[in-house]
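Here are the chains, one letter per residue:
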Amino acid sequence: MKAAIYAGKEQIELKELPLPEVGEHDVLIQNIYSSVCGTDTAVFFGGPGTGHKVTVGGEFGHETVSRVVKTGRLVTDFTVGERVYPYPLCAKNDPSRAGTLGGFSEHILVPQARRNVGLYPVDDRIPDRLASLIEPFTVGCRAARRGMIPAGEGRYLSGQSAVVFGCGTIGIAAAAAFSYFGMARVMLCDFSDFRLNLAKDLGFAVCNPAREDFRARALEYFGSAPSLAGPTANIDCWLDAAGAPSILEDFLRLGKIESRFVSVGVNNAPRTIDLLHMTYAQQSIIGSGGYMPQDVWDVQRIMTCGRWNMESIITHEFPLDQLETAIRTAADVEHAGNVVIRMLPEP
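Within the protein one finds 10 helices and 19 strands. The C-alpha atoms of the protein give a radius of gyration of 21 Å, which matches the 20 Å a tight globule of 347 residues would have. In terms of its C-alpha atoms, the protein occupies a principal-axis envelope of roughly 65 × 45 × 35 Å. Once local pairs closer than 6 in sequence are excluded, the contacts in the protein between residues at least 24 apart make up 69%. Working note: accessible area of the protein is about 15,000 Å², and carbon and sulfur atoms make up 50% of it. Taking the average location of the 32 positive side-chain charges in the protein and that of its 39 negative ones, the two points are 4 Å from each other.

So, in structure tokens, the structure goes:
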């Protein structure tokens, strides 16, 4: 099989590797499409140690949709030809392999394969290209879920409002999940007009803070609510899928009373928080990392509900032997949305 090997900063090698041997409890899957993640671009441009434990000399890639091509002698949960989503945290029975699953390799061996644990069936209504986005969509879905207020029996309080900072795949997924879960108003913010137009075409309100007054635009769209500093935009939940330091600062300064902040685009730098202000404003800061099994099912429902043409955020497709070009393209936020790799040879 062909496999993309991470060879260091701005270096990728395409190698021929032997197909893995399939044990009696294992499943061999063939990747159909794989998506380029922000962590893939980070480790490509930043070098080892900057993305998902990707190490020199190893396979990488983790956003993929695949098909079962061989099953072990004792496997009964899967059939050859079945389309599946390999769940990165469990597909290798090793959470540390989440970023090095082998999404940019033609095949992945799933040892001790378990249905709805390491491999999930994919709804037939989801196109192959879109199905490769299940993984980043689960990250966005989990973040949106963390920002909702539970109302019992798997339901959430409806009628509230949310703003999402960062208009990449995860940000758009979070906005869709917010709307799907019952948020009445959702706005996406980004400095890239190209990506904002992708969100706008999906029906979301947008704002570019680089050339618009965010506070004025938010007041216009969300209406007014009280804060400790006076009238402010009526935003119940702020979701940070970008990681810029100013986003949390703006939330603490502009957030209305009882507003909440969800962090999914992590900025690792130490932060200073005025706890007294936050206490009297009754604000909440919530972390969201990764995803859970329920997010896999909800993402497939979101992708098939008919409200959005989510495949439209995929702006570029490349074959595996052009992976480096694909990663460089994905990093160009002014000209690209989501970028996918076609893992199968053209017919």
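Time to look at the sheet that holds strand β11 (residues 185-189). Here we have 6 strands laid out as an open sheet, ordered β12-β11-β10-β15-β16-β17, and parallel in their pairing. At either margin of the open sheet sits one strand with a lone partner, and together these are β12 (205-207) and β17 (284-287). Within this sheet the neighbouring strands show an average axis-to-axis angle of 20 degrees, counted without direction. Strand direction decides the pairing type here: strand β16 (residues 260-263) and β17, joined by 4 bridges, are parallel. Bridged to Phe-261 within β17 is Ile-285.

Turning our eyes to something else, we now look at the layout of surface pockets. Taken as a whole, the second largest pocket encloses approximately 150 Å³ of empty space. What lines the second largest pocket is simply Lys-2, Leu-14, Glu-106, Pro-319, Leu-320, Asp-321, Arg-342, Met-343, Leu-344, Pro-345 and Glu-346. Among the residues making up the lining of the second largest pocket, the classes are represented as 6 nonpolar, no polar and 5 charged.

Now for the side chain of Ser-161. Note that Ser-161 resides in strand β10 (residues 161-165). Classification of Ser-161 by relative accessible area gives buried; the value is 5%. Here Asn-234 takes part through its backbone oxygen, which lies 2.6 Å from a polar atom of the side chain of Ser-161. In this structure, Ser-161 is in contact with Met-183, Arg-185, Phe-222, Asn-234, Ile-235, Asp-236 and Cys-237, ignoring residues within four places of it in sequence.

This brings us to unusual backbone geometry. Of note, Asn-93 is a non-glycine position whose phi angle comes to about 55 degrees, a positive value. Topologically, Asn-93 is positioned in the loop between β5 (83-86) and β6 (107-110). At Gln-282, a residue that is not glycine, the phi angle is positive and equals roughly 55 degrees. Considering the arrangement of structural elements, one finds Gln-282 in the loop between α8 (275-281) and β17.

Across all of its chains, the model carries 17 aromatic pairs by this definition. Taken together, a centroid distance of 6.1 Å and an interplanar angle of 15 degrees make the contact between Phe-204 and Trp-308 stacked. In this pair, Phe-204 is assigned in the loop between α5 (193-201) and β12 and Trp-308 in the loop between α9 (293-304) and β18 (314-319), connecting sequence segments 104 residues apart. A ring pair is formed by Trp-238 and Phe-251, whose centres lie 5.7 Å apart and whose planes are at 70 degrees; its orientation type is edge-to-face. In this pair, Trp-238 sits in strand β15 (residues 237-240) while Phe-251 sits in helix α7 (residues 245-254), placing the two residues 13 residues apart along the sequence. For Phe-251, a relative accessible area of 0% corresponds to the buried category. An aromatic cluster is present here, built from Tyr-85, Tyr-87, Tyr-120, Tyr-291 and Trp-297 joined pairwise through their rings. Between Arg-185 and the ring centre of Tyr-221, over which it is positioned, the NZ or CZ distance is 4.8 Å.

Relative to the elements of secondary structure, Gly-152 occurs in strand β8 (residues 150-152). Look at Gly-152 and you get partly exposed, because its relative accessible area is 36%. Between the alpha carbons of Gly-152 and Pro-209 there is a distance of 36 Å; along the sequence they are 57 residues apart.

Glancing now at the pairing of strand β14 (residues 230-233). Bridging between strand β13 (residues 224-227) and β14 involves 4 bridges; their strand directions are antiparallel. Considered in β14, the bridge of Pro-226 is made with Pro-231. Here β13 folds back onto β14 in antiparallel fashion, the turn holding 2 residues.

The subject of this paragraph is helix α1 (residues 38-46). Those residues of α1 that fall on the buried side of the exposure criterion are Asp-40, Thr-41, Val-43 and Phe-44. Relative to the axis of α1, the buried residues are bounded by an arc of 170 degrees and lie together on one face. Tucked into the core, α1 has its buried residues touching β1 (2-8), β2 (11-16), β3 (27-35) and α10 (323-330). Positioned one or two residues after α1, Gly-47 has a phi angle of 95 degrees, which is positive.

Rules and cut-offs
- Residues numbered from 1 in each chain as written.
- Predicted model: local features only at pLDDT ≥ 70, side-chain atom pairs only at ≥ 80, totals over all residues.
- Heavy atoms only, no water.
- Helix = DSSP H or I, 4+ residues; strand = E, 2+ residues; numbered from the N terminus.
- Rg over C-alpha atoms; globule rule 2.2 N^0.38 Å.
- Contact = heavy atoms within 4.5 Å.
- Areas by Shrake-Rupley, 256 points an atom, 1.4 Å probe, with all protein chains shown as cover.
- Lys, Arg positive; Asp, Glu negative; His and termini not counted.
- Charge placed at Lys NZ, Arg CZ, Asp CG, Glu CD.
- Pairing = 2+ DSSP bridges.
- Axes fitted to C-alpha atoms, helices over the stretch in contact; angles between N-to-C directions.
- 1 Å grid on protein atoms, 1.4 Å probe; cavity = no way out; pocket = protein on both sides within 12 Å on 5 of 7 lines; lining within 4 Å.
- Points joined across faces, edges and corners; volume = space filled by probe spheres on them.
- Nonpolar A, V, L, I, M, F, W, Y, C, P; charged D, E, K, R; others polar.
- Buried < 20%, exposed > 50% of the residue type's maximum accessible area, 1.4 Å probe, protein only.
- Polar contact = N/O pair within 3.5 Å; in protein donor to acceptor, adjacent residues only side chain to side chain.
- Phe/Tyr/Trp six-rings, centres within 6.5 Å; stacked < 30°, edge-to-face > 60°.
- Lys NZ or Arg CZ within 6 Å of the ring centre and 35° of its normal.
- Arc of directions from axis to C-beta.

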